[in-house]
Amino acid sequence: MSIDWIVIIFLIIVLSGANIAVLTATILTKKNSVSRFRSRERLRSIVNRSVIRNSLGSTEALSEQDKIPFFLEWHEVSSHLEISGVLREELETLAIEWNLPPVIEDLLKSRFFNKRVTAMNVLAFLPEKEKLAALREASLRETSVILRLRITQMLCSEGSLDAVDYIIHSLQGRQEFYKKKVLGILEDNVTLMIDWADVNREKEERDALRILIRAAGTNLREWHYDFLVAQSRNPDRLIAREAAGVLMNRFSDRNTLDFLMASEEGSLRQKAVYRFTRDMALPTEGELLELFRTKELYSYAVSGLIEKVHSDPRLISELFRRYQVAETLEEKQGYAAVLASRVQYFIRRLKSDESAEVRELLSDMVGQGMGAPIINFLNANKSPTLETLLLETIQPLTLENPEFLELCQYYLGNRLKRKLELPQRVEEEGTPKIQLTRKDRLIMVTLALSTLLLPLAIYAAAYGRIFPFMLARERVVSFLLLYHFEFAFYSIAINSISLILMFLSWTVIREQRTSWKAVDKKFLFSRGILPSVTILAPAYNEEKSIVQNIYSLLSLEYPDLELIVINDGSKDRTFQNLVDNFDLELVDYPIPDYIPTAPILGLYRNEHIPNLLVIDKKNGGKADSLNTGLNAARGEYVCSIDADSLLEPEALTKMMFETINSEKQTIAVGGNIIPVNGCIVQNGGIREIHLSHNKYSRYQTIEYLRSFIAGRLGWSKLNSLMIISGAFGAFLKQDLLDIGGYMTGTGSMKKDTVGEDMELVVRLIRHHYEKGEPFSVGYSHNANCWTEVPENLPDLLKQRGRWHRGLIEILLYHRKMLFNRKFKVVGFLAFPYFFLFELLGPFWEFLGYFVLMASLFLGLLNGTIFLFMFSIIVLLGSLVSSTALLLAESDVLYFKGKEFRQSILTALRENFGYRQMISMHRVFSYVLFLFRDRGWQKLSRKGFSNE
């Protein structure tokens, strides 16, 4: 037997063995999960009986190995049930009997994170003296962010004043986002903070001052006012801003607000004006004229007056009198904006002697874009007299004001439209996509030709000297044989990188799994721990799934959540389904215009669902819709989600948990995307998980698990994650505003892309590297978003073509980052990987498969070469897919029984045709994009299955 055969047989045995080992490990993981579950159930039953009896009873049945797990089960119970004082005393006594204090102290000192987490979860059941001593020592030594926050909370709950000194010491050298979390915990323990502040009011350290300022905002003392006034003049702008904010909230008298309205800090002036117009006596006409004339203060003055009028309707007459006698345009507009909040009162006065003044007021309201209440009134009105009077009033306004005309065309009932004789609304096309430039096309052609000619260059280097002396067949044969080895090298490289990423993913999964055990809902939902989030759900022609999706989002378990649905000019019943199912009403709601977007047609709310806002707008594309939502968002983070996706109840909590589980400010964080096809959906949630019967859906399930749970976790470990899916990803809102939001043709960058999700992450990374700011891009392995994937080949290929086009646009637009030292690991590792393997790699694969077919035709594909290529392409590819399935199933049991076996077979089968087809289509998409932009190409949807 030749050495070639020995090497090939050895390679096949090794790769086959590795595949078998991985698949066996996956099966054993399933069985071990069941075994661990049964062991926990045994301990849980003991704990449950103790809770029912309110007594521990006998613990003789517990072995030495059960001691720590037994207390961990009590920790699990305490996260959702208050343990009685009797039981807690018995548990403390048992901990002493079992000699746990020294064990816990050793675990807290361990360099292994999972051991320290175990110690923290058991620590709560030690007697107070031992617990407090362990916490104080750990607060000075702990390195993990999440455990430091846990220690801070536990120290505060003990109520000792010197605990605050330990906490201040632990803040040294920490980033601002972490300090805000700690200050939030202290504000939750208000008595401790106030008592400490009374004793330490003379402290001048920055972190101590911030605690003193918060203490002054919770309970008034004699020294608070002078202290806050002094600190509001502090040269440190952060201290001055925080002190002034507390001063305004706690002392909203006229002198204080006058003092703050003279501040150099714009945001303080705005808030002070709002409080001044809302809480003080009605300002004089001169004072309001000055506020209405100041652009930065106008909307705050109006908002404050609107709330004042709502609390005291008697002021309507006085404001209307001022409107009538106003001499300047600014005054009339300001008063009209305030009175628009009581428009029904004035519409009914059309019958009075003041009808001329009322008509003028309604005209000014419409001129300021406040026509929504008038349309709402008309649609709901039952009085023929009022209808006639109001239609007479607004008819000339529809001729003078195009925006109001469009609003009437969209939202007035058909009968009213006919009475007004409104012209037919003209449907407009969406925002045009910006095509490739000539330079972009030249770069694309150069890259493709270079990739295809590289094998010829290698061939010339290897055979250049003897090439003139070779026969034609020898030249062809030598080229084909050489390319076999080049293609094998490429396959080994890309699959080896995938396996390395999966190893890194495995370490991330272990770390995240342990970190998640370190917290409970009570801790996460404490004040200031998790950031506020606004979910942005753009929708275009999603009538089949939009309602279930919104129910799913509204049922999410999260402490501070806002939901904004953006209807992007849908042509089907998407918008009407939202209005009908959630009883929405048209409202006037001021939205800042930080980022230019397509025009907004209307805003809808239901007062019984205060955290839901629906925006109806002209079609501008997904990125434009997200920018519209970004302008309106109030959360610290914005989370983008596709309108055809469903989140698990804890998905958002698990994803946002990663923002507090990092030493650096998290600028973006993503979650898993898993195909919902085949699953049973009910009331906006996943009732049963099943593997789809459709072969394309099955292949995509394995593909998604490999890409999301395995690949992206690995890149996040390197802090080089360049893709967060637009179907489920969260971003720091202020950062998005700083970089101009999502890329659109109407925005500041004057460029559009279908890969807005990846482009946004790349631009955020670039922004922070250029500013020299530390950052983190995170990924959560157990935050699941379920989405519908294509079930037919044409739609699948459309989707993949769109993805590849987005990749091309982004890599070309940000090509400056390639091998640029400024961008560190991203510029030297992640960016080259996407260029070489994701963008240009398909050309190598295409040529490789062509060479294999040519070799077969010429009879060159002998047993040796065939087995070698089979082992490299199929066996190594199968190993990657199998490993991805192992990682996915190591923490969450997605599929059971027969479906689990089918998922294993699918992981193997996808290497025989499916992966090759997708790769070939990427080449086709690349070439097609050079000549023709096919746009977004909307995919067909069948909606969620509920049976």
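It should be noted that the structure appears before, not after, this text.
Residues numbered from 1 in each chain as written. Predicted model: local features only at pLDDT ≥ 70, side-chain atom pairs only at ≥ 80, totals over all residues. Heavy atoms only, no water.

Digging into the pattern of salt bridges
And then number 1: Evaluated as defined, the whole model comprises 48 salt bridges.
And then number 2: Here Arg148 ties to Glu663 by a salt bridge, and the two come within 3.1 Å at their closest N and O atoms. Of this pair, Arg148 sits in helix 7 (residues 145-158) while Glu663 sits in the loop between helix 32 (651-657) and strand 8 (666-675), and the two are 515 residues apart along the sequence.
And then number 3: On the basis of relative accessible area, Glu663 is assigned to the partly exposed category, the value being 39%.
And then number 4: For Lys179, the salt bridge goes to Asp207, with nearest N and O atoms at 3.2 Å. One end of the pair, Lys179, is in helix 9 (residues 176-188); the other, Asp207, is in helix 11 (residues 206-216), and 28 residues separate them in sequence. As far as burial versus exposure is concerned, Lys179 and Asp207 are alike and both buried.
And then number 5: Residues participating in the shared-partner salt-bridge network are Glu176, Glu187, Arg210, Arg214, Glu242 and Arg527. (Salt bridge = Lys/Arg side-chain N within 4 Å of Asp/Glu carboxyl O. Helix = DSSP H or I, 4+ residues; strand = E, 2+ residues; numbered from the N terminus. Buried < 20%, exposed > 50% of the residue type's maximum accessible area, 1.4 Å probe, protein only.)

As for the pairing of strand 2 (residues 561-568)
And then number 1: Across the 8 residues of strand 2, 8 count as buried, placing the element largely inside the fold.
And then number 2: Neither face of strand 2 is exposed, since Leu561, Leu563, Val565 and Asn567 on one face and Glu562, Ile564, Ile566 and Asp568 on the opposite face are all buried.
And then number 3: Bridge analysis of strand 1 (residues 533-539) against strand 2 gives 7 bridges, and the strand direction is parallel. The partner of Ala539 across the bridge, within strand 2, is Asn567.
And then number 4: For the segment spanning strand 1, helix 29 (residues 546-554) and strand 2, crossover handedness is right-handed.
And then number 5: As judged from the 6 bridges shared by strand 2 and strand 5 (residues 612-617), these two strands associate in the parallel manner. (Pairing = 2+ DSSP bridges. Right-handed = clockwise from strand over helix to strand, strands pointing away.)

Quick look at the nonpolar core
And then number 1: Residues Phe70, Phe71, Ile535, Leu652, Met656, Phe728 and Phe731 are the most contacted members of the largest nonpolar core, which totals 274 residues.
And then number 2: If one sorts the elements of this core by residue count, helix 27 (residues 472-517) sits on top with 12 residues.
And then number 3: Setting aside chain neighbours within four positions, we find Phe70 in contact with Leu43, Ile46, Val47, Leu56, Leu62, Leu91, Leu94 and Trp98. (Core = buried A, V, L, I, M, F, W, Y, C linked by side-chain atoms within 4.5 Å. Contact = heavy atoms within 4.5 Å.)

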